[in-house]
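Chain residues, written in single-letter form:
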Amino acid sequence: MPPKNILVVGGGIVGLATAYRLGERYPSAGITVLEKEAAVGRHQSSHNSGVLHAGLYYKPGSTKARLAVRGIRQMVEFCRRHAIPHEICGKLVVAVTPDELPRLNDLFQRGQANGLTGLELLDPAGMREIEPHVAGVAAIRVPEEGIIDYPCVCATLATLIRGQVVTNAEVRKLWPAAGGGWVAHTTAGDFEADLLINCAGLHSDRIAALAGLKRRLRIVPFRGEYYKIKSERQYLVRNLIYPVPDPRFPFLGVHYTRLIHGGVEAGPNAVLAFAREGYRKSDINLRDLADALAYPGLWRFVAKYPRMCWAELRRSFSRELFCRSLQRMVPDIRPEDLEAGGAGVRAQAVGPGGEILQDFEFARQPNALHVLNAPSPAATASLAIAEEIVAQVE
């Protein structure tokens, strides 16, 4: 029997896309999105690099790879249909040294296995035709990737939902309704529905706990800090320049991104945030900080990657060290070319053994589905993720 009323907790891009897809599948259902902020898309959906990811990096056959490839095509079509600013400008993934060449070739094979089209392996001369100031021994050109205005995507999705988006509605309690379904007690009142979908991002583990699930995973907030390249030096980067990931470490590394509304950004690093919404070093939430520090999984993560954690922390406080990382791919960049940019906080699910969850993670209850981990490329793939959620609901 189709649900009559559905609650979606979280007004970020994944929650909004989920409500949109649920409306397509259940046009007669009443759909309510509960968003704790005063407007939608205030956190991960708008604090990111604004890139359309095609699925090059992801393991073939993984949920992430499947959703990324389908998701970018759906997102581009959605942008065209609704006149949302975006541009398919392509990306270079650069092997700086010869020891990175086997990993670059593996990425090329992954991309082909995942169904990406138009991939090219380039020598140094071919690289510099696309990015004249890049350094390296080889690169992959990924022509399907691009840049986008994700806040505009969120605002558009909010207008298309067949139901209501309730803002300033922080969920404080959840309990099973008498006749089945769920009741959500929020700062904007109580809401009841047959079906509960948790897309709360940075707070997804806490919403799941309110519904009675044991927190076997924990959201650990990692802040990614960016620099902007000064306008007179932006000619050094035409579009998107990314590194070959080092498999010894769980994070991609710094890269260059041209922004959809102008400017070039460089970053991010990855450091522990002292608040789940801590975009500045001075942002501290004692509850969030205690929650992270009391979790054994965080300390096991630090024990696995002590060198990386120390390097990321040092780079957070040193423009020169940050610039040195950037110079690997663009040697002409200088510390004085960089000015403070924005920051984002990644809702990273960490397992009890210190493992970083790299793929999407769902948990089910009667009449409830929890999205516990939606890593990058969640924004790009949000419409495809939403289809996956609808399929799981069914």
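Residues numbered from 1 in each chain as written. Predicted model: local features only at pLDDT ≥ 70, side-chain atom pairs only at ≥ 80, totals over all residues. Heavy atoms only, no water.

1. Notes on the overall build of the protein
Logical step 1: If you tally the helices and strands in the protein, you get 11 helices and 21 strands.
Logical step 2: A globule of 394 residues ought to have a C-alpha radius of gyration of about 21 Å, and the protein, at 21 Å, matches this closely.
Logical step 3: Split into buried and exposed, the 394 residues of the protein put 56% on the buried side.
Logical step 4: Of all intrachain contacts in the protein linking residues separated by at least 6 positions in sequence, the fraction that spans at least 24 positions is 74%.
Logical step 5: Here the protein contributes 47 positive and 40 negative side-chain charges, whose respective centroids are spaced 4 Å apart. (Helix = DSSP H or I, 4+ residues; strand = E, 2+ residues; numbered from the N terminus. Rg over C-alpha atoms; globule rule 2.2 N^0.38 Å. Buried < 20%, exposed > 50% of the residue type's maximum accessible area, 1.4 Å probe, protein only. Contact = heavy atoms within 4.5 Å. Lys, Arg positive; Asp, Glu negative; His and termini not counted. Charge placed at Lys NZ, Arg CZ, Asp CG, Glu CD.)

2. A closer look at the packing of aromatic side chains
Each aromatic ring pair is specified by the distance between its two centres and by the angle formed by the two planes.
Logical step 1: For the coordinates displayed, the defined rule picks out 6 aromatic pairs.
Logical step 2: Ring plane angle 75° and centroid distance 4.8 Å describe the contact between Tyr227 and Phe322, whose orientation is recorded as edge-to-face. Here Phe322 lies in helix α10 (residues 319-327) and Tyr227 lies in strand β14 (residues 218-229), a separation of 95 residues in the sequence.
Logical step 3: Assessed through its relative accessible area of 12%, Tyr227 is described here as buried.
Logical step 4: Among the residues examined, Phe322 registers a relative accessible area of 1% and is labelled buried. (Phe/Tyr/Trp six-rings, centres within 6.5 Å; stacked < 30°, edge-to-face > 60°.)

3. Some words on the pattern of salt bridges
Logical step 1: Under the definition given, this model contains 29 salt bridges.
Logical step 2: In this structure, Asp291 and Arg215 form a salt bridge, with 2.8 Å as the shortest nitrogen-oxygen distance. Of this pair, Asp291 sits in helix α7 (residues 286-293) while Arg215 sits in the loop between α6 (204-210) and β14, and the two are 76 residues apart along the sequence.
Logical step 3: Taking the relative accessible area as the measure of exposure, Asp291 reaches 13% and is therefore buried.
Logical step 4: Given the relative accessible area of 25%, Arg215 is considered partly exposed.
Logical step 5: In the salt-bridge network here, residues are joined through shared partners; they are Asp205, Arg206, Arg215, Arg218, Arg276, Asp288 and Asp291. (Salt bridge = Lys/Arg side-chain N within 4 Å of Asp/Glu carboxyl O.)

4. Focus: the packing of helix α8 (residues 296-304) against helix α9 (residues 306-316)
Logical step 1: The contact between α8 and α9 brings their axes to 5 Å, and the two run at 95°. With respect to each other, α8 and α9 are oriented roughly perpendicular. Contacts between α8 and α9 pair Phe301, Val302, Ala303 and Lys304 from the former with Pro306, Met308 and Cys309 from the latter.
Logical step 2: Split by residue class, the contact of α8 with α9 holds 6 nonpolar, no polar and 1 charged. (Axes fitted to C-alpha atoms, helices over the stretch in contact; angles between N-to-C directions. Parallel < 35°, antiparallel > 145°, perpendicular 65-115°, else oblique. Nonpolar A, V, L, I, M, F, W, Y, C, P; charged D, E, K, R; others polar.)

5. Details of helix α5 (residues 150-160)
Logical step 1: The complete set of buried residues in α5 reads Tyr150, Val153, Cys154, Thr156 and Leu157. All buried residues of α5 fall inside an arc of 170° around its axis, so they share one side.
Logical step 2: N-capping of α5 is provided by Asp149, with a side-chain oxygen placed 3.0 Å from the backbone N of Cys152. (Arc of directions from axis to C-beta. Polar contact = N/O pair within 3.5 Å; in protein donor to acceptor, adjacent residues only side chain to side chain.)

6. Overview of helix α11 (residues 382-393)
Logical step 1: Over its 12 residues, α11 runs 16 Å from end to end, which matches the ideal 16 Å to within 8%, given 1.5 Å per residue.
Logical step 2: Among all positions in α11, only Ser382, Leu383, Ala384, Ile385, Ala386, Glu388, Ile389 and Val390 are buried.
Logical step 3: Residues of α11 that are buried sit in contact with α1 (13-25), α2 (63-82), α5, β13 (195-198), β20 (361-365) and β21 (368-373). (Expected span 1.5 Å × (residues − 1).)

7. Quick word on the pairing of β21
Logical step 1: Within β21, 6 of the 6 residues are buried, leaving the element largely enclosed by the surrounding structure.
Logical step 2: Bridging between β13 and β21 involves 3 bridges; their strand directions are parallel. Looking at the pairing, Asn198 lines up with His370 of β21.
Logical step 3: As paired strands, β20 and β21 are joined by 5 bridges and run antiparallel to one another. Residue pairing across strands places Arg364 opposite Leu369, the latter belonging to β21.
Logical step 4: Count of turn residues in the β20/β21 antiparallel hairpin: 2 residues, of which Asn367 carries a positive phi of about 65°. (Pairing = 2+ DSSP bridges.)

8. Quick look at the layout of surface pockets
Logical step 1: There is about 840 Å³ of room inside the second largest pocket.
Logical step 2: Forming the boundary of the second largest pocket are 25 residues, of which Asp246, Phe249, Arg315, Ser325 and Arg328 lie nearest the centre.
Logical step 3: At the level of secondary structure, the elements contributing two or more residues to the lining of the second largest pocket comprise α9 and α10.
Logical step 4: A per-element tally of the lining of the second largest pocket places α9 first, with 7 residues.
Logical step 5: Looking at the lining of the second largest pocket, its residues break down into 12 nonpolar, 2 polar and 11 charged. (1 Å grid on protein atoms, 1.4 Å probe; cavity = no way out; pocket = protein on both sides within 12 Å on 5 of 7 lines; lining within 4 Å. Points joined across faces, edges and corners; volume = space filled by probe spheres on them.)

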